[in-house]
Amino acid sequence: MKKGDHLFLVDGSAYIFRAFHALPPLTRKSDGLPVGAVSGFCNMLWKLLQDARDTDVGVTPTHFAVIFDYSSKTFRNELYPDYKANRSEPPEDLVPQFGLIREATKAFNLPCIEMEGYEADDIIAAYCRMAEEAGGEATIISSDKDLMQLVTDHVSMYDTMKDRQIGREEVLEKFGVGPEKMIDLQALAGDSTDNIPGVPGIGPKTAAQLLDEYGDLDTLLERASEIKQNKRRENLIEFADQARLSRQLVTLKADTPVDIPLDALALEAQDGPKLVAFLKAMEFSSLTRRVAEATGTEIGEIDPAQVAVEAGAQARGPDLDAGTADGANTVAGVIEDGVDTPRALAEARATAARSGAFDADAYVCIRDLRTLDEWIDNARAAGVVAFDTETDSLDAMQATLVGFSLSHAEGEAAYVPLAHRQGEDDLLGEGGLVDGQIGLDEALSRLKALLEDPSILIVGQNIKYDLQVMARHDISIAAFDDTMLISYALDGGNNSHHGMDALAERWLGHTPIAYKDVAGTGKKALTFDRVALDAATRYAAEDADITLRLWRVLKPRLVAEGLVSVYERLERPLIAVLARMERRGISVDRQILSRLSGEFAQKAAGIEAEIHELAGESFNIGSPKQLGEILFGKMSLPGGSKTKTGQWSTSAQVLEDLAAEGHELPRRIVDWRQLTKLKSTYTDALPGFINPQTGRVHTSYSLASTSTGRLSSSDPNLQNIPIRTAEGRRIRTAFVAQKGHRLVSADYSQIELRVLAHMADIGQLKQAFADGMDIHAMTASEMFGVPVEGMPAEVRRRAKAINFGIIYGISAFGLANQLGIARSEAGDYIKTYFERFPGIRDYMDATKAFAREHGYVETVFGRRAHYPDIKSSNPQVRSFNERAAINAPIQGSAADIIRRAMIRIEDALATEKLAAQMLLQVHDELIFEVPEGEVEATIDVVRDVMEQAAMPAVAMSVPLQVDANAAHNWDEAH
DNA sequence: TAGAAAACGTA
DNA sequence: GTACGTTTTCTAG
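The name given to chain A in an unreviewed UniProt entry is DNA polymerase I, with the source organism recorded as Oceaniradius stylonematis. What UniProt records for chain A under Subunit (unreviewed entry) is the sentence "Single-chain monomer with multiple functions." Quoted verbatim from the Sequence similarities (unreviewed entry) heading of the UniProt record, the comment on chain A is "Belongs to the DNA polymerase type-A family."

Right under this line is the structure:
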C-alpha cells in the first residue's frame, strides 16, 4: 500500500445485525430461507465496489476487506467475565445468515477476515493503523460508536444506510469530544449493550463535559475530589478502578497480530460468473441482473451456486428435503454456554425448561397504550415473541378478536384485553364494554406494525387460527413459527396430538390453567369476552408464556434430529396456503341439499315402515342394540357375530351377507342406513356450515392430526363427501362454482402404488406405469397368467384388492374379508403375489426391520412416523403396528408430494396470470374455482405442478399422472 | 352431560 | 389389511 491508496474495511458482523433489523422488507428465498440481511449486504458491497465515488466517501477503494467477529469469547472476557454477558442470542431467522454473509464475501472476491479471541473491531483497528503507517487512507464501513476512537485525519467512517461520512467533526458533534477522547468517554459512560460498567450516574453527556474540563480520564480521576456535585464526586472516587477497567475493555487493540498482510487486501477484479452464480442461488434477481450486466456475464448460462454454508444455514438451505441429518448435526446454529452441538443445545433447553417456574401473578394485563408500546419494543428487541389471540369462537371464520397475549421472555407475558364485555345482555345480546381497554383500532395498528415486521419471529401454537383471525383485521403475520407443527414434525406418532396442554405437560412439567376453569363448561360456559380480566390475563398470558418456552425447547430439536427441512419445506409453508383455502370456502347450493333432504326423508320413512312391517314390531332402527335383538334374537337369522363388547354385530358386511341369502329385512336396513346417513351427515348438516357473511362453506384443515402426514378436514369434513353410490353422488352436485366460473378437479392417478413402485424399486411395476398400463390388470396378468386382453372383471377385481392390500400392509385375514373368500385362499394369493414380486416382500421386511430398530419409519422426503409399540409382545398390537409402519411411508410420501404441489401452485398460477383459486384438498385431489375462460390454461399449470411436485428433492423413478376435469359442480368435475 | 362404541362416509 | 371425522345410540356418572 502506498500514499493515495484507500482501504475500505467493512464491519461485517455489525452490518448483519443492523441490516436485519433496519431493512424491511426482509426477504425469504422461495424455500423459506431468510436472506434479508444477506440481500442488504450484497447490495451494499456492490454499491461500494461500483460507485463508491458517488457516495459521501467520494473515493474509489484500492484495498478492501470484510471483517467478522470470530466468536463471542475474546480476551476481554478474561479481563471482565461479564463483558457482553447481557447479549441475547441472535434472532432465529438471522442465524442462518451468518454463514451466508461469509459466502457472499467470498463470492465478491473479497478477503473475509476473522480471528479467534479478537473482535472484528480489533482487527479493524490494526488495519487502520497499518494503512496510516503506509501513508494511505482508510474508511471503516460502519456507524458503530465503538469504532469512532479510530477516526483520525486519515481514517474515517461511513454509514451506508445514511450515506454519510463520519469524520472528526461528526464525532465531535455527536459526542461533544473528539475521536481521541472517545475511549475515555466510553470508559466513563459505560455501555449497557456491551455490559461495560463505566461510572454510575455518568452518561455520555456528563462524560463529555468532564473530559472537556479535565482533559482526560487519568487527570479526571486524580482530581476527582475537586468535583462539586456530591454524588458524582463520590462515584468517581469509588468507581475509579471500574472506569480504568472499562477503558481497557473499550480500547481497541491496534496491535492485534493479523496474519494477512495489508497488501494482500488489494482489490481484485470481480469474477462475474462466480458472483452471478451466488446471487442467483440467493434469488436476488435484480442485483443478479445488474451484476451480470456490469461484468458481461450471461445469466442464463450460469447455474446457481451450490451454496455451502455452516450448518445453521445449511439446515434451512437449498433443496435438502431428503437426508439432511448429517449436515444439520455438525454445528450449532445457536451457541449457548458450554453448548456447542445442536443435540447438546436441545438437551440443555429441555432440562432448563423443566426447571422453570410459572407465576401467574407475574403476568401483566395491559390497559394503556404506553405499556403496550413498551411490550412491543421489548418484543422487537428480543426478535422473537410468542403471540396468541383470544376470541369468542372456535370457528376462525366467525371469531371476534377479544384480546391477545404476548411473551418475549420466559415467565414474562401480558394479556391485552380489547373487547371484554360486562353486565346483563340487553335485547340485542350485547353488554357494555369493560372500562379501561385499549381501543381496538389503536391496538390493531400497533399490532400490525409488530406482526408484519419480517424481522420479528412470531411464535404461535396452531398459528393458522391466529393467522385467520388477524387476516380478518387486514393483518398478515410476516415471519412465524408454530410449536404445534414443530412438535408434529418431531414426534408424529409419538403423541397422538400436539395440543398445548399436552406439550406443556410433557416438556415443561406444567399443567396449564384449563379453559373450563376460567370460562366454565357446558351450557353456562362463558365466551371469552365475558371472562373477568384478571382470570383472562392469567389464562391467556400463560398460553403465550408456555408457547415461547415450548418453542425454545422444540425448535433446536429440529436441527438436532435432522428434521428442519421437513418442517421448513412441508409444514410451515403450508400454513398460509391452507389458511387461504379455508378463507375462500366453497359455494354450496342450499336448495339442492334441501331438496335432497326431503327426498331422503321420504324414502327413509317408506323403508322404515317396511322394516317395521317385516320385523312385526316398531323399534329404533338406528339402535344397533335393538336391531341386533330383532335380527338375531327374535328372528334367529343365521350368521350372527359379536362385536368386542358382546353386542350382535349389525355392520353393513353382516347385513349384506344376510341379504345375499335372500333375507329381505337386512337389505332394507342397509338402504335405510344409507339414506339416513346421507341425510344427517350431509344434506341436513352442510347448510348449517354456510357462513352468513360469505355465503360459503369454510372447512378447517388440520396439519397435525394424522400419523402419516395427510391433512384432515373438519367442521365440516369435506374430505368424505359421498361418491361411491349414485344417491351419495347427488350430494356432490350441491358443491358448485360461483357465477362465471367452473370447478376444476385434478387428482393423482394411483399415486400410492406409484410411490410403492418407486420406493420398493419394483421393475415390473415401474415399467407398467412408464408404459401407461392398467396396473391392476397387469398385476392380475402377472399373478394368474391371464392375458390382459379380454380379462374377466372378477380377476382384475381380485388383483385390485391385492394391490390395495399391499399398500395397507396385507394380511390373509384382511384380504379374505375384503374378497369374501377363505383365509387359506387369500393366503395363497399373497404367496403367489410375493413370488411374482419378491421385491415387495423384501421392501416390507426391510420397512418392518427399520421400524423395529429406530421406532419410526420415513417418507421419501424424510418425514417420520413413530411406532413406539412396534415391539409389543401382544401379537395383535404388534401386527397392527407393523401394517401401519408399512403403510405410512407410502401414504405419507404421497401426502408429502401433494403438499409440495399445494405450496407451489399459487405462485405458479400467479406467474401465468391465472385467477384460479385453490379451494379443497382431498388427499390425492385438489379442487379449484376457475374463471370460465381460463379452464384449459389452469389445468395445464396445475397438472404440471402436481406431476413435478416431487422434484427436485426426489426424482421419482415412476411418472406421476394427474387427471383433471372441469364442470359446474363437483360431481361432474371429478 | 361427557365419552365410548358402533356405524359409515372418504382416500 | 392403512389413514381419517361425524352421527347416533348407549352408558356411566
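So, next bit.
### Description of the nonpolar core
If you look at the biggest cluster of nonpolar residues, it comprises 185 residues, and the most contacted ones within it are M470, I731, Y748, I840 and I897. Leave out the neighbours within four places in its chain, and I840 touches L756, I762, L765, I806, Y833 and F834. Counting residues in each nonpolar core, the second largest holds 53 residues, with A120, V177, A224 and A240 among its members.

### Remarks on the environment of L267
By secondary structure assignment, the location of L267 is in the loop between α11 (240–250) and α12 (272–282). Contact partners of L267, with chain neighbours within four places excluded, come to L49, P61, T62, H63, F64 and L110.

### Re the protein's contact with DNA strand B
Around DNA strand B lies a shell of 23 residues, among which T643, T645, T650, I723 and R724 are the nearest. Among all atoms of DNA strand B positioned within 4 Å of the protein, those belonging to sugar or phosphate total 77%. At 2.6 Å from a phosphate oxygen of DNA strand B is found a main-chain nitrogen or oxygen belonging to R724. A distance of 2.9 Å separates a sugar or linking oxygen of DNA strand B from a polar side-chain atom of D924. Ranked by residues supplied to the surface near DNA strand B, first place goes to helix α28 (residues 664–683) with four residues. Of the residues in the surface near DNA strand B, the class split is seven nonpolar, 11 polar and five charged.

### A look at the environment of A19
Its location among the elements puts A19 in helix α1 (residues 12–22). Using a relative accessible area of 1% as the deciding quantity, one classes A19 as buried. The sequence separation of A19 and G40 amounts to 21 residues, and the corresponding C-alpha distance is 6.3 Å. With sequence-adjacent residues up to four places away left out, A19 is seen in contact with A37 and M161.

### Notes on the pattern of salt bridges
In total, this model carries 57 salt bridges according to the counting rule given. Between E226 and R223 there is a salt bridge; the shortest N-O distance is 3.0 Å. When its relative accessible area of 35% is taken as the criterion, R223 is described as partly exposed. The salt bridge involving R580 is made with E906; its shortest N-O contact spans 2.6 Å. In this pair, R580 is assigned in helix α24 (residues 564–584) and E906 in helix α37 (residues 875–911), connecting sequence segments 326 residues apart. For E906, a relative accessible area of 17% gives the class buried.

### Things to note about the confidence of the model for chain A
For chain A, the average pLDDT comes to 90, and 95% of its residues sit at 70 or higher. Low pLDDT, under 50, characterises residues 308–335; the stretch is placed with 72 contacts to residues that sit more than four places away or in other chains.

### Considering the domain arrangement of chain A
Domain boundaries assigned for chain A yield domain 1 (6–168 + 253–265), domain 2 (342–584), domain 3 (587–693) and domain 4 (753–894). Taken over C-alpha atoms, the centre of domain 1 sits 76 Å from the centre of domain 3.

### As for unusual backbone geometry
Geometrically, the link from D715 to P716 is a cis peptide bond, its omega value of -5° lying close to zero. Note the cis peptide between M951 and P952, where omega equals -5°. The residue P952 is located in the loop between α38 (935–947) and β24 (962–967) in this model. Despite not being glycine, N195 shows a phi value in the positive range, around 65°. Structurally, N195 can be placed in the loop between α7 (182–189) and α8 (204–214). Residues other than glycine seldom take positive phi values, yet S636 does so here, at roughly 45°. Mapping S636 onto the fold places it in the loop between α26 (624–634) and α27 (652–660).

### A look at the protein's contact with DNA strand C
Near DNA strand C there are 34 residues, and of these S623, S712, D715, A801 and F813 occur at the shortest range. S680 places a polar side-chain atom, nitrogen or oxygen, 3.4 Å from a sugar or linking oxygen of DNA strand C. Between DNA strand C and A801, the relevant distance is 2.7 Å, taken from a base oxygen to a main-chain nitrogen or oxygen of the residue. Listing elements by their share of the surface near DNA strand C, those giving two or more residues are α26, α28, β17 (712–714), α33 (793–807), α34 (812–819) and α37. With five residues, α37 is the single largest residue contributor to the surface near DNA strand C. Looking at the surface near DNA strand C residue by residue, the class counts come to eight nonpolar, 21 polar and five charged.

### Section: α33
For α33, spanning 15 residues, the distance from its first C-alpha to its last is 21 Å, which sits close to the expected 21 Å at 1.5 Å a residue. Burial in α33 covers these residues: V795, R798, A799, A801, I802, N803, G805, I806 and I807. Phi turns positive, to about 80°, at G809, one or two residues after α33.

### Points about the packing of helix α36 (residues 838–854) against α37
Axis separation between α36 and α37 bottoms out at 9 Å; the angle between their running directions is 105°. With respect to their mutual orientation, α36 and α37 come out roughly perpendicular. Residues Y843, M844, T847, K848, A851 and R852 of α36 lie in contact with α37, whose contacting residues are E882, A885, I886, P889 and I890. When its residues are assigned to classes, the contact of α36 with α37 shows seven nonpolar, one polar and three charged.

### Topic: the pairing of strand β13 (residues 457–460)
The side-chain alternation of β13 yields two buried faces, one formed by L457 and V459 and the other by I458 and G460. Sheet topology places strand β8 (residues 384–391) next to β13; three bridges connect them, and they run parallel. Opposite V385, over in β13, you have I458 as the bridge partner. Pairing analysis gives four bridges linking β13 to strand β14 (residues 479–482), with the strands arranged parallel. Opposite G460, over in β14, you have D482 as the bridge partner. The handedness of the β13 to β14 crossover, carried by helix α19 (residues 463–471), is right-handed.

Criteria and thresholds
Residues numbered from 1 in each chain as written. Chains lettered and ligands numbered in written order. Predicted model: local features only at pLDDT ≥ 70, side-chain atom pairs only at ≥ 80, totals over all residues. Heavy atoms only, no water. UniProt positions renumbered as here; feature names shortened; annotations may be inferred. Core = buried A, V, L, I, M, F, W, Y, C linked by side-chain atoms within 4.5 Å. Buried < 20%, exposed > 50% of the residue type's maximum accessible area, 1.4 Å probe, protein only. Contact = heavy atoms within 4.5 Å. Helix = DSSP H or I, 4+ residues; strand = E, 2+ residues; numbered from the N terminus. Near = heavy atom within 4 Å. Polar contact = N/O pair within 3.5 Å; in protein donor to acceptor, adjacent residues only side chain to side chain. Nonpolar A, V, L, I, M, F, W, Y, C, P; charged D, E, K, R; others polar. Salt bridge = Lys/Arg side-chain N within 4 Å of Asp/Glu carboxyl O. pLDDT = per-residue confidence, 0-100. Domains from an automatic or database assignment. Expected span 1.5 Å × (residues − 1). Axes fitted to C-alpha atoms, helices over the stretch in contact; angles between N-to-C directions. Parallel < 35°, antiparallel > 145°, perpendicular 65-115°, else oblique. Pairing = 2+ DSSP bridges. Right-handed = clockwise from strand over helix to strand, strands pointing away.

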